[in-house]
Amino acid sequence: MPLLTILDETASGSILHRLKLEIGQEMLTVGELIARRVHDEVATYNERQSGTFQGLVQPTDSERVLNGYRLRPSKLIDAEQQVYRALEVFQQNGFFVLVNDRQAESLEEEVWLGDGATVSFLKLTPLVGG
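Residues numbered from 1 in each chain as written. Predicted model: local features only at pLDDT ≥ 70, side-chain atom pairs only at ≥ 80, totals over all residues. Heavy atoms only, no water.

J.: What should I look at first to understand the sheet that holds strand S4 (residues 52-53) in this one?
T.: By way of backbone hydrogen bonds, the strands of a sheet pair with one another, either parallel or antiparallel. The antiparallel open sheet is built from three strands, whose spatial order is S4-S6-S5. If you trace the sheet from one side to the other, it starts and ends with S4 and strand S5 (63-65), each paired once. Pairing between S4 and strand S6 (residues 68-70): two bridges, direction antiparallel. Within S6, the position partnered with Thr52 by the bridge is Arg70. (Pairing = 2+ DSSP bridges. Helix = DSSP H or I, 4+ residues; strand = E, 2+ residues; numbered from the N terminus.)

Structure below.
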């Protein structure tokens, strides 16, 4: 299966996190792409339970730390709840998805993820005092 490289970036272009995701088809909706990414990162965390989760959105009952979110020891993350939260945050413009340097507009939009495709998630940080 082909591997897709996904980058988490800041608005200034700094790379926060890089991950590889197996994609079996060239066309996906943005919603399917987000769901696959979230399922993969939750499965990885739940397997090792390191205490720090580096994911797209903050899990329930977690604390924000420098490089992710800290959970109680032995706390598993519910993948379906994380997918729901991620889709909701996308719709509220909490992050943007760039596919092949073009901003995805909706969860239903189909995007090409074939050989050479690039995907970036731009996480927005709230301004202080506003």
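Moving on from the model shown.
J.: What exactly am I supposed to notice about unusual backbone geometry here?
T.: The general pattern is negative phi for most residues beyond glycine and trans for most peptide bonds. The phi torsion at Asn100 lies on the positive side, around 55°, for a residue other than glycine. Mapped onto the elements, Asn100 comes out in the loop between strand S7 (95-99) and strand S8 (102-103). Residue Asn100 is classed as partly exposed on the basis of its relative accessible area of 32%. The residue Asp101 is not glycine, and still its phi comes out positive at about 65°. With respect to the helices and strands, the residue Asp101 is situated in the loop between S7 and S8. Accessibility expressed as a relative area gives 73% for Asp101, which makes it exposed. (Buried < 20%, exposed > 50% of the residue type's maximum accessible area, 1.4 Å probe, protein only.)

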